[in-house]
Amino acid sequence: MILTLKNTFTEIGNVTLFAKQFFKEVFVPPYETKELLKQCYIIGYKSLPLVAITGFIMGLVLTLQSRPTLVKFGAESWLPGMVALSLIREIAPVITALICAGKISSGIGAELGSMKVTEQIDAMEVSAINPYNYLVVTRILACTLMVPLLVFFADAVGILGGYVGINIHGDVNFYRYLTQIFQSLEFLDLIPATIKTFFFGFFIGMIGCYKGFNASNGTESVGKAANSAVVTASLTIFILDMVAVQITDLFF
Amino acid sequence: MIKEKKNIEPKTKEKSKTPILEIKNLHKTFGTDNKILQGVNLSVNKGEDLVILGRSGSGKSVTIKCIVGLIEPDQGEIKVFNENVLNLSKSELNKIRVRIGFLFQSGALYDSMSVRENLAFTLKKHKKDLTPEEVESEVMEALDNVGLSDAIDKMPSELSGGMQKRIGLARTLILKPEIILYDEPTTGLDTITSREISELILDIKHKRKTTSIIITHDMACAKLTADRIMVLKDGIIHAEGTYEELEKDEDEWVRSFFQ
């Protein structure tokens, strides 16, 4: 028990040092712009289909599940606003971040872990190329920038899913549906939700990179790095979300 | 032969006597009690090929990884080009690293890049003013040196073990290093390919006047390439001499490498 606790705190300390190095290197040239754009393409663009499917299903299912209760209270007209609020404030950021933790964090963990065990990271180091700057900074930055955009995309697709869900049982005009959503939304609903997605993205990237970069030698550790990246990133998302909701509750 | 030497002088007469690389009293322990290096002393002269022999786990790779700063030793001094690499800042160490080539046992090619990109990547990072045509020409020249110009568009996964090591060597050579460290360059290769790699090492030495440290278990490679051989045992240099001298060494354990 004490040993587990000690290992956990050691891990937290190491992750903090790893993050500190990111902030030390992110502003210092050389800037790996080409690699950053490549990672944005891989992390952002290539995740679009997955995020679209989950976003659509989230909106659709949320609408179908909430409708009977609202009908019971004669509040069916609140359905678009409620679905949009739930999606934008909570469900889309968290579910998209979890999807990204599964797809991106594990991918980064496995990729860097494999590079570590096959000495590719060492090869960069001995060629006087900073592997942290080239591999880690670019991936963390790309995650931090792309996850919020993916969440916006999931919001939009989820709202579309909600529209389909409403029209399964009724007949609502798309313009009216959108008007109802915008009437029930405020900018203050969007701001805290967007801020927390930057943190989600940062931690998804950082945990994936940390796990991969610190994979010990041996192919077994590549699988462990990928697995551990998903578990740790998912858990971190929930903890961050809890903290974010508390802070939002205080200020908004 | 010389045993447990502290400062070892090269035995070959034709080589320059200027030490380009010196290691003094190098110690490295992994964990609490896994003592790998217990006072390694060696020096390599300019233009010399030094082969290090020893059993698996005797600390040969650890020694050369300490030279390029991949592993931090617990104690000792490593002087390369008259600079103690252990006291250098990261940027100063990188300046030294550019002048040292390192060939990994596995080749360590970047598997997400083609052969061309593998070579050009390293080059472009250090020579930013080169035009794309100049980069291409240098890549081709490096590949010509290892006889693999045809593989330029292949991915590392499409290459055989021997080809991967040659491409790894080409990537090492592209920065024109003065010292090359070879970590078991012929391990896992058939006899013919091993000989080709050994001849390539020799060829590079003659063409580029490089200094090399070669870690190997392949005695044919050692015989072909070594100006001097050192045998590592129990974390120290146990014996040192030319191939012919060590082959007739009075110590049976040393002789056993040559049988």
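Calculation notes
- Residues numbered from 1 in each chain as written.
- Chains lettered and ligands numbered in written order.
- Predicted model: local features only at pLDDT ≥ 70, side-chain atom pairs only at ≥ 80, totals over all residues.
- Heavy atoms only, no water.
- Salt bridge = Lys/Arg side-chain N within 4 Å of Asp/Glu carboxyl O.
- Helix = DSSP H or I, 4+ residues; strand = E, 2+ residues; numbered from the N terminus.
- Buried < 20%, exposed > 50% of the residue type's maximum accessible area, 1.4 Å probe, protein only.
- pLDDT = per-residue confidence, 0-100.
- Contact = heavy atoms within 4.5 Å.
- UniProt positions renumbered as here; feature names shortened; annotations may be inferred.
- Expected span 1.5 Å × (residues − 1).
- Buried area = accessible area lost by both parts, 1.4 Å probe.
- Polar contact = N/O pair within 3.5 Å; in protein donor to acceptor, adjacent residues only side chain to side chain.
- Pairing = 2+ DSSP bridges.

Enquirer: Go over the pattern of salt bridges with me, naming the residues and quoting the values.
Expert: All names here are of chain B. As enumerated under the stated definition, the model contains 23 salt bridges over all chains in all. In this structure, Glu-199 engages Arg-195 in a salt bridge whose closest nitrogen and oxygen atoms are separated by 3.2 Å. Within this pair, Glu-199 and its partner Arg-195 are both found in helix α6 (residues 191-208), separated by four residues, close to a single helical turn. Owing to a relative accessible area of 37%, Glu-199 belongs among the partly exposed residues under this scheme. The closest approach of N and O atoms between Arg-228 and Glu-240, which form a salt bridge, is 3.0 Å. One end of the pair, Arg-228, is in strand β9 (residues 228-233); the other, Glu-240, is in strand β10 (residues 236-241), with twelve residues separating them in the sequence. Neither residue differs from the other here; Arg-228 and Glu-240 are each classed as buried.

Enquirer: Mind laying out the confidence of the model for chain B, listing which residues take part and the relevant values?
Expert: Overall, the prediction assigns chain B a mean pLDDT of 87, with 93% of residues at 70 or greater. Within the model, the stretch residues 1-14 of chain B combines pLDDT values under 50 with 43 contacts to residues more than four positions away or in other chains.

Enquirer: Would you mind going over the UniProt feature "domain: ABC transporter" (unreviewed entry) in chain B in detail, with residue names and values included?
Expert: The UniProt record marks residues 21-259 of chain B with the feature "domain: ABC transporter" (unreviewed entry), using the residue numbering of this structure. Helix and strand shares over residues 21-259 of chain B are 38% and 26% respectively, and the end C-alpha atoms of the span are 30 Å apart.

Enquirer: Break down the environment of Gly-81 of chain A for me, citing the residues and quoting the values.
Expert: In this fold, Gly-81 of chain A is placed in helix α4 (residues 79-117). Sequence-wise, Gly-81 of chain A and Thr-10 of chain A are 71 residues apart; in three dimensions their C-alpha atoms are separated by 45 Å.

Enquirer: Tell me about helix α4 (residues 132-145) of chain B, and please be specific about residues and values.
Expert: An ideal rise of 1.5 Å per residue puts 20 Å on 14 residues; α4 of chain B measures up with 20 Å between its terminal C-alpha atoms. Contact partners of the buried residues in α4 of chain B: α3 (115-126), α5 (161-173) and α6 of chain B.

Enquirer: Quick one: what's the story with the interface of chain A and chain B, residue by residue and with numbers?
Expert: With 14 residues of chain A in contact, the opposing surface of chain B contributes 23 residues. Counting each side, the surface lost to burial between chain A and chain B is near 1,600 Å², with a carbon and sulfur contribution of 56%. Its largest share of buried area at the contact with chain B, chain A owes to Glu-119, Gln-120 and Val-126 of chain A, together 34% of the area lost on that side. Between the two partners, chain A and chain B, sit four salt bridges.

Enquirer: A description of the side chain of Thr-96 of chain A should follow, citing residues and the corresponding values.
Expert: All names here are of chain A. Tracing the backbone shows Thr-96 in helix α4. Taking the relative accessible area as the measure of exposure, Thr-96 reaches 2% and is therefore buried. Of the polar contacts made by the side chain of Thr-96, one reaches the backbone oxygen of Ala-92; its length is 2.6 Å. In contact with Thr-96, other than residues within four places in its own chain, are Val-51, Ile-91, Leu-150, Val-151 and Ala-154.

Enquirer: Can you explain the UniProt feature "transmembrane region" (unreviewed entry) in chain A? Please cite residues and give values.
Expert: Residues and elements named next belong to chain A. Following the UniProt record, one finds the feature "transmembrane region" (unreviewed entry) at residues 48-66, 78-101, 149-170, 190-213 and 225-247. Across residues 149-170, the secondary structure splits into 95% helix and 0% strand, with the terminal C-alpha atoms separated by 32 Å. A distance of 35 Å separates the end C-alpha atoms of residues 190-213, which is 100% helix and 0% strand.

Enquirer: A description of the pairing of β9 of chain B should follow, citing residues and the corresponding values.
Expert: A regular strand carries its side chains on alternate faces of the sheet. Residue and element names in this part refer to chain B. Judged by how many residues are buried, β9 sits mostly within the fold: five of six residues are covered. Relative to β9, strand β3 (residues 49-54) is paired through five bridges, and the arrangement is parallel. Among the inter-strand pairings, Leu-50 is bridged to a residue of β9, identified as Arg-228. Of the strand pairs in this sheet, β9 and β10 are connected by five bridges, and their pairing is antiparallel. If you follow Met-230 over to β10, its bridge partner there is Glu-240. Connecting the antiparallel pair β9 and β10 is a turn made up of two residues, with Asp-234 showing a positive phi of about 50 degrees.

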